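Listed below are the residues making up each chain.
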Amino acid sequence: MRTGSPLTPPWRLPILVRVTSSPTPAAPPGRLFEPIDLRGLVVPNRIVLTAMVTRLSGEDGVVNAPIVERYARFAAGGAGLIVVEATAVHEARSGPLLRLGDDRFVPGHRALVDRVRDAGPSKVALQIIHFLKIARSGWRQTVDMLGAAELRGIVDAYAAAAARTRAAGYDAVELHMAHAYTLSSFLSRLNRRHDAYGGRSLEGRMRLATEVVLAVRRAVGDDYPVGVRFDGEECVKGGYGLAESTQIGLRMAQLGVDYLSISAGGKFEDAVPKPGEPLYPYTGYSGDRTMPAAQYPDGANVYLAAGIRSFLRAHGHATPVVAAGKVPTPALAERILRAGEADMIGLARALLADPDWPRKARRGHDDRIVRCVYGNVCKALDENFRQVRCVLWPKDAPHAPTAHPEDVDPPTWPTDGDLRAELRPGGQVALAWERAIDPFGVYGYQVFRRVNDGPFAHLTSMTARRHVDAFALAGNRYAYHVRAYDFAGLRSAPSRAVEVAVPEDYALGDGVDLGIGPVGGADGDRV
Ligand SMILES: Cc1cc2nc3c(=O)[nH]c(=O)nc-3n(C[C@H](O)[C@H](O)[C@H](O)COP(=O)(O)O)c2cc1C
Ligand code: SF4
């Protein structure tokens with residue numbers, strides 16, 4: 001059945017509804033598509049959409065239609081577990097953020113859960129959060145300012161919100177104990193309290209988190225999965241690392257927490273202040289570590305999940321552990337699972353860029369995945385309280401586009417891609433190419449680069465038809481080609497290759513020899 005014409009913009013196509021009668025393609029060998037049991041909740045695969053605020057709600061904190069559609073789109077892509085964004089357990093104001101501090105918020109969440117269930121096979125959890133006060137003046141409340149009644153209030157608010165989470169129909173609740181927020185700040189080595197909830201001992205720092213887990217368990221019952229997200233490393237001077245996060249993991253496992261989702265950093269202590277703006281905890285190095293950008297290695301934080309998991313296994317606990325942080329490809333995800341470094345793979349930006357990542361991986365179509373370029377435009381939108389979206393989506397699309405069902409042919413080039421390269425002063429290579437053709441629309445372009453005689457590797461992706469590569473060094477050759485991709489992720493043939501040879505005296509001026517010597521010849525046009 002046709003669901004639109006080639007002229008229908010792909011983001012206006014209906015989000016695919018699950019068709020239960022169609023045969024499920026055989027799972028490829030490997031761990032990524034093995035189900036996992038979380039206290040009786042069977043999650044169909046090991047891919048977790050980790051919580052990611054959308055900033056789509058109003059200041060009222062009520063679930064609205066755009067939020068529902070955003071999560072339906074994720075579900076259509078086939079992630080095993082969707083963790084819906086951080087949702088406040090209390091009534092404090094904090095810009096556009098979901099809330100569950102009162103029964104009046106429950107119907108909106110129920111509608112979200114129902115829609116997600118209709119749209120795909122995913123199980124759906126809600127992340128619940130408490131945060132302290134923060135002002136534009138730069139002032140912020142810290143854990144040592146809280147009195148006994150406020151601590152009691154935090155525990156009660158978590159328990160009540162967890163009960164509402166269950167009442168709304170979510171399959172699980174996740175307690176946010178990571179980054180800059182209240183429970184994380186208690187766990188922190190920088191907790192300055194001197195009482196029983198204080199920084200003198202790890203037991204003291206864990207006390208509030210322990211009370212919250214126990215109260216939540218009482219509120220939701222023994223047959224309901226409760227997950228916890230915490231930092232494996234604070235990534236700030238004086239903060240804790242694996243030596244203590246393994247102990248936090250141990251306590252959570254002993255309390256019967258059903259999965260541990262390991263994050264990193266995201267602290268106020270090293271955040272960069274902006275005059276007149278409330279501090280955003282992801283602007284310093286620790287924030288870089290939460291959402292590692294392109295300059296960080298793939299799987300940058302996996303060692304934290306691996307360390308906690310191996311500690312738990314050595315101490316007799318089988319609690320599943322989620323690893324997250326720049327896992328771009330199914331191949332890397334599979335490697336992490338096979339190496340026993342994690343039980344589930346957390347993806348946030350990779351799924352924002354392409355919610356169909358799981359579906360494509362399941363079919364062995366890894367090359368059709370629209371790859372996140374980790375430039376963190378989405379993070380900047382979050383920082384500025386603007387609606388979070390991906391820079392790779394079409395300009396006016398409210399969520400990632402859906403492929404037209406009849407889009408089965410890849411884009412083509414009118415000629416050969418007409419790729420041109422210009423070497424600019426300062427070691428930049430400016431690339432430009434022609435517009436590709438596809439009856440259902442071209443979605444974007446992938447740029448590949450080869451250094452000297454090495455292999456071509458994906459450099460970046462974009463919707464524009466030009467790119468400046470600022471990483472060309474004197475005395476080396478850089479070859480490029482470009483491939484266009486459509487909304488189904490189908491890729492054109494590579495454009496013609498162009499090679500740029502950067503002269504050896506380019507770095508320091510005429511006649512200065514770096515001693516590199518000739519680096520050989522290659523195919524493609526030479527600039
Ligand atoms: C825009 C944005 C919002 C985020 N919001 C949350 C959140 O609400 N709760 C949370 O625990 N982590 C949040 N994160 C962190 C992600 O869950 C994830 O741990 C991080 O982005 C690293 O994974 P990735 O490399 O797959 O993106 C957010 C990340 C981004 C980019
Ligand atoms: S905006 Fe950039 S970092 Fe964020 S999901 Fe899209 S490509 Fe990835």
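For clarity, every value in this text was computed on a predicted model and none was experimentally measured.

**Observations regarding the overall build of the chain**
- On a plain count of helices and strands, the chain comes out with 12 helices and 19 strands.
- Across its three principal directions, the C-alpha atoms of the chain cover 70 × 65 × 50 Å.
- Considering only contacts within the chain whose residues lie at least 6 apart along the sequence, 69% involve residues at least 24 apart.
- Accessible area of the chain: about 21,400 Å², with a carbon and sulfur share of 54%.
- Taking the average location of the 64 positive side-chain charges in the chain and that of its 59 negative ones, the two points are 3 Å from each other.

**Notes on helix 3 (residues 148–167)**
- With 20 residues, helix 3 extends 29 Å between its outermost C-alpha atoms, agreeing within 8% with the 28 Å of an ideal straight helix rising 1.5 Å per residue.
- Those residues of helix 3 hidden inside the fold are in contact with helix 2 (106–119), strand 6 (123–129), strand 7 (172–177), helix 4 (182–187) and helix 5 (202–220).
- Remark: G169 follows helix 3 within two positions and exhibits a positive phi of approximately 100°.

**Some thoughts on the packing of aromatic side chains**
- Here the structure, examined in full by the defined rule, presents 6 aromatic pairs.
- Each ring, one from Y71 and one from F74, has its centre 5.9 Å from the other, and the planes form 50°; the classification is tilted. Highlighted residues: Y71 and F74, both in helix 1 (residues 65–76), separated by 3 residues, approximately one helical turn.
- Residue Y71 is classed as buried on the basis of its relative accessible area of 1%.
- Between the aromatic rings of Y443 and F487, the centroid separation amounts to 4.8 Å while the plane-to-plane angle is 15°, which identifies the pairing as stacked. A residue pair is termed long-range when its members are at least 10 positions apart, and Y443 in strand 14 (residues 442–451) and F487 in the loop between strand 17 (477–486) and strand 18 (498–501) qualify at 44 residues. In terms of burial, Y443 and F487 fall into one category: buried.
- Taken together through their ring pairs, the aromatic side chains of W413, W433 and Y445 make up a single cluster.
- The aromatic ring of Y197 is capped on one face by R207, whose charged end is 4.7 Å from the ring centroid.

**Quick notes on the confidence of the model for the chain**
- Summary statistics for the chain give a mean pLDDT of 91 and a share of 91% for residues scoring 70 or more.
- This model gives residues 16–27 a pLDDT under 50, and the stretch forms 17 contacts once residues within four places in sequence are excluded.

**Points about the domain arrangement of the chain**
- What the domain assignment reports for the chain is domain 1 (10–383) and domain 2 (420–526).
- Its C-alpha centre places domain 1 at a distance of 37 Å from the equivalent point of domain 2.
- Every contact between the two is made by 9 residues of domain 1 and, on the other side, 11 residues of domain 2.
- Around 820 Å² of area is buried between domain 1 and domain 2 when both sides are counted, 59% of it from carbon and sulfur atoms.
- It is R368, V370 and R371 that lose the most area in domain 1 upon contact with domain 2, and together they represent 47% of the buried surface on that side.

**Re the sheet that holds strand 13 (residues 428–432)**
- Read from one edge to the other, the open sheet built from 3 strands follows the order 12-13-16, with strand pairing classed as antiparallel. Single-partner strands in this sheet number two, and they are strand 12 (420–424) and strand 16 (466–469). Neighbouring strand axes in the sheet, compared pairwise and without regard to direction, differ in orientation by 20° on average.
- Pairing of strand 12 with strand 13, which is carried by 5 bridges, proceeds in the antiparallel orientation. Paired with L423 across the bridge in strand 13 is V429.

**Focus on the environment of P35**
- Here P35 shows up in the segment before strand 1 (36–38).
- Separated by 283 residues in sequence, P35 and A318 have C-alpha atoms that sit 15 Å apart.
- In contact with P35, not counting residues within four places along its chain, are V42, V43, P44, N45 and R46.

**A closer look at helix 9 (residues 330–338)**
- For helix 9, the set of buried residues is P330, L332, A333, E334, I336 and L337.
- A positive phi of about 70° marks G340, the residue just after helix 9.

**Focus: the site of ligand 2**
- Near ligand 2 you find R349, L352, C372, V373, Y374, G375, N376, V377, C378, C390, V391 and L392, and these make up its full shell.
- Counting residues per element, the ones that place at least two in the shell around ligand 2 are helix 10 (349–353) and helix 12 (377–383).

**A short note on the pairing of strand 13**
- Where strand 12 folds back on strand 13, the antiparallel hairpin that results is connected by 3 residues, among which G426 adopts a positive phi of roughly 90°.
- Relative to strand 16, strand 13 runs antiparallel, the two being bridged by 4 bridges. Bridge assignment links V429 to a residue of strand 16, and that residue is D469.

**Observations regarding the environment of N452**
- Residue position: N452 is located in the loop between strand 14 and strand 15 (457–462).
- Between the C-alpha atom of N452 and that of V500, which follows or precedes it by 48 residues, the distance is 9.8 Å.

**Some remarks on the pattern of salt bridges**
- Evaluation of the coordinates by the stated rule reveals 34 salt bridges.
- Measuring nitrogen to oxygen at the nearest pair gives 3.0 Å for the salt bridge that ties R31 to E34.
- What makes R31 partly exposed here is its relative accessible area of 24%.
- For the salt bridge of D156 with R152, the shortest nitrogen-to-oxygen distance reads 3.4 Å. A residue pair is termed a helical-turn pair when its members lie 3 or 4 positions apart in one helix, as D156 and R152 do in helix 3 at 4 residues.
- Among the residues examined, D156 registers a relative accessible area of 42% and is labelled partly exposed.

Conventions adopted
- Residues numbered from 1 in each chain as written.
- Chains lettered and ligands numbered in written order.
- Predicted model: local features only at pLDDT ≥ 70, side-chain atom pairs only at ≥ 80, totals over all residues.
- Heavy atoms only, no water.
- Helix = DSSP H or I, 4+ residues; strand = E, 2+ residues; numbered from the N terminus.
- Contact = heavy atoms within 4.5 Å.
- Areas by Shrake-Rupley, 256 points an atom, 1.4 Å probe, with all protein chains shown as cover.
- Lys, Arg positive; Asp, Glu negative; His and termini not counted.
- Charge placed at Lys NZ, Arg CZ, Asp CG, Glu CD.
- Expected span 1.5 Å × (residues − 1).
- Phe/Tyr/Trp six-rings, centres within 6.5 Å; stacked < 30°, edge-to-face > 60°.
- Buried < 20%, exposed > 50% of the residue type's maximum accessible area, 1.4 Å probe, protein only.
- Lys NZ or Arg CZ within 6 Å of the ring centre and 35° of its normal.
- pLDDT = per-residue confidence, 0-100.
- Domains from an automatic or database assignment.
- Buried area = accessible area lost by both parts, 1.4 Å probe.
- Pairing = 2+ DSSP bridges.
- Axes fitted to C-alpha atoms, helices over the stretch in contact; angles between N-to-C directions.
- Near = heavy atom within 4 Å.
- Salt bridge = Lys/Arg side-chain N within 4 Å of Asp/Glu carboxyl O.

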